[in-house]
Amino acid sequence: MGNSLSCCLSPNACPKSGRRRGSAEPDCESEVYKAAAGNAVAVAPAAATVEPAELDFAGGEGHHLQHISDREMPEDLALEPNPSDHPRASTIFPSKSQTDVREKRRSNHFNHVSPGQLTKKYSSCSTIFLDDSTVSQPNLRTTVKCMTLAIYYHIKNRDADRSLDIFDERLHPLTRGKIPEEYFEHDPEHKFIYRFVHTLSSAAQLTADGAVVTLVYLERLLTYAEIDICPTNWKRIVLGAILLASKFWDDRAVWNVDDCQILKDVTVEDMNEMERHFLELLQFNINVPFSVYAKYYFDLRSLADDNNLNVLVTPLSKERAQNLEAISRLCDDKYKDVCRAAMRRSFSADNFIAIRRSNAILS
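It should be emphasised that the depicted structure is a prediction, and the values quoted were computed from it without experimental measurement.

*Asks:* Explain the overall build of the protein chain here, please?
*Replies:* Tallying secondary structure elements over the protein chain gives 12 helices and two strands in all. Reading the helices (α) and strands (β) of the protein chain from amino to carboxyl end gives α-α-α-α-β-α-α-α-α-α-α-α-β-α. By the burial criterion, 32% of the 363 residues in the protein chain qualify as buried. Sequence separation of at least 24 residues holds for 80% of the intrachain contacts in the protein chain that already meet a minimum separation of 6. Surface summary for the protein chain: the accessible area is close to 23,900 Å², and the carbon and sulfur share equals 53%.

*Asks:* Whenever I open this one, the packing of helix 5 (residues 140-156) against helix 7 (residues 208-225) confuses me. Can you help?
*Replies:* Packed helices, taken two at a time, are described by the angle their axes make and the gap between the axes. Viewed as axis vectors pointing N to C, helix 5 and helix 7 meet at an angle of 15°, and their least axial separation amounts to 8 Å. By the criterion of interaxial angle, the relationship of helix 5 to helix 7 is roughly parallel. Between helix 5 and helix 7 lies a crossing whose hand is left-handed. Contacts between helix 5 and helix 7 involve Leu140, Thr143, Val144, Met147, Ala150, Ile151 and His154 on the former and, on the latter, Ala208, Ala211, Val212, Thr214, Leu215, Leu218, Glu219 and Leu222.

*Asks:* Could you clarify how one ought to interpret the pattern of salt bridges in this entry?
*Replies:* In total, this model carries 11 salt bridges according to the counting rule given. Here Arg220 and Asp85 are joined by a salt bridge, their closest N and O atoms 3.0 Å apart. Residue Arg220 is located in helix 7, and its partner Asp85 is located in the loop between helix 3 (75-79) and helix 4 (93-110); the two are separated by 135 residues in the primary sequence. The pair Arg220 / Asp85 is uniform in exposure class, with both members buried. One salt-bridge network, in which partners are shared between bridges, spans Arg158, Asp161 and Asp187.

*Asks:* Any chance you could explain helix 5 here in plain terms?
*Replies:* Because an α-helix packs 3.6 residues into every turn, residues spaced three or four apart end up facing the same way. An ideal rise of 1.5 Å per residue puts 24 Å on 17 residues; helix 5 measures up with 24 Å between its terminal C-alpha atoms. Taken across its 17 residues, helix 5 has 13 buried, putting it largely inside the fold. With a side-chain oxygen lying 3.2 Å from the backbone nitrogen of Arg141, the N-terminal cap of helix 5 falls on Asn139.

*Asks:* I'm lost on the nonpolar core in this one. Help?
*Replies:* Side chains that are nonpolar tend, in soluble globular proteins, to be buried together. Ile229 and Val238 are the most contacted members of the largest nonpolar core, which has 55 residues in total. Examining the composition of this core, we find that 10 residues originate from one element, helix 7, more than from any other. Those residues within four positions of Val238 in sequence are excluded, and the remaining contacts are Ile151, Phe196, Val197, Leu218 and Ile229.

*Asks:* What am I meant to see in unusual backbone geometry here?
*Replies:* One can expect most non-glycine residues to show negative phi and most peptide bonds to be in trans. Despite not being glycine, Gln205 has its phi angle at roughly 55°, a positive value. Summarising the element assignment, Gln205 is placed in the loop between helix 6 (190-203) and helix 7. Residue class for Gln205 comes out partly exposed when judged on its relative accessible area of 47%. For Glu226, which is not a glycine, the phi torsion comes out positive at approximately 55°.

*Asks:* Sorry, what's going on with the side chain of Asn82 here?
*Replies:* Along the chain, Asn82 turns up in the loop between helix 3 and helix 4. Taking the relative accessible area as the measure of exposure, Asn82 reaches 5% and is therefore buried. With residues up to four places along the chain from it excluded, the contact list for Asn82 reads Ala89, Thr223 and Tyr224.

*Asks:* Can you help me understand the packing of helix 5 against helix 11 (residues 290-306) in this one?
*Replies:* Across the interface, helix 5 lies against helix 11 with an axial gap of 9 Å and an inter-helix angle of 80°. Relative to helix 11, the element helix 5 is oriented roughly perpendicular. In this structure, helix 5 uses Cys146, Met147, Leu149, Ala150 and Tyr153 to contact helix 11, whose residues at the interface are Leu300, Leu303 and Ala304. Of the residues that constitute the contact of helix 5 with helix 11, the class distribution is eight nonpolar, no polar and no charged.

Calculation criteria
Residues numbered from 1 in each chain as written. Predicted model: local features only at pLDDT ≥ 70, side-chain atom pairs only at ≥ 80, totals over all residues. Heavy atoms only, no water. Helix = DSSP H or I, 4+ residues; strand = E, 2+ residues; numbered from the N terminus. Buried < 20%, exposed > 50% of the residue type's maximum accessible area, 1.4 Å probe, protein only. Contact = heavy atoms within 4.5 Å. Areas by Shrake-Rupley, 256 points an atom, 1.4 Å probe, with all protein chains shown as cover. Axes fitted to C-alpha atoms, helices over the stretch in contact; angles between N-to-C directions. Parallel < 35°, antiparallel > 145°, perpendicular 65-115°, else oblique. Left-handed = near helix turned anticlockwise from the far one by under 90°. Salt bridge = Lys/Arg side-chain N within 4 Å of Asp/Glu carboxyl O. Expected span 1.5 Å × (residues − 1). Polar contact = N/O pair within 3.5 Å; in protein donor to acceptor, adjacent residues only side chain to side chain. Core = buried A, V, L, I, M, F, W, Y, C linked by side-chain atoms within 4.5 Å. Nonpolar A, V, L, I, M, F, W, Y, C, P; charged D, E, K, R; others polar.

Listed below in structure tokens is the structure:
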């Protein structure tokens, strides 16, 4: 205001935009310096005039003020959000599966393949069909089947064969017998992946929501470590993701020696080393926000619908409708209590300001 000078002393930032100066942007620093010099000459007789010697813009390296956006997120992660960390970023496995889904639909259309008996049930005005899977309590069998289907599409439609030695089954085999080289040249089938994951999840006592988090950890590893899941490493990557999900998400006291009873040819030292490398590659970021979890859950449901996976649905009965209404009312009451407590803490005098609520008018 007036002749006073107000700016941030940053050699690489523009005072107005807060972004780093590029080759095509104006030299904001020189303009501010000229303006400061002009103001210094115009108000030279004033006692509070800033001397030019004090405005040492050339030596401003020690006065660099970092912008708040630079502190919130690193530059390499700010360009492209990670889908396993940000709820608005699209997950990876739906894009891997869309190619096969479109090809299957196109083939059925050109070959005039009849869809056969209609197995999917749709709700009507008189009957509502629901399954026993919700975002808070998913169905274990259906969730594991969808999760393994996502892993199958990751392997089948991978971009390359980038891998690490710690996950290479040829260097760290899970069985003592020699595995033929032809085994690693073919992609595993979905039923084979499901059988392997089902065995491990039973041993690790993995829950249905833990299966969703397993897929989150898997995609986070592929993104952070910049590797691909392929026939040579998919078993050990899935094994590491299940171990972390059962320990940190389900909060169960699962020991690696318990999994060694299922995989009898694997040593505990090998399991510990793989788990340590897994955590280091994740940068010890094992936090999964509920918004990210919900995104993966609904994307898995969409994947099941696109691939016509059989999901058991039953008509909504009167008893179940009453149970759902009671649960919804209980959650609503808890939410209202939390809101009242938050409003009560926000006022310095409770009885001084009355909270008025008006009825909503729906038009």
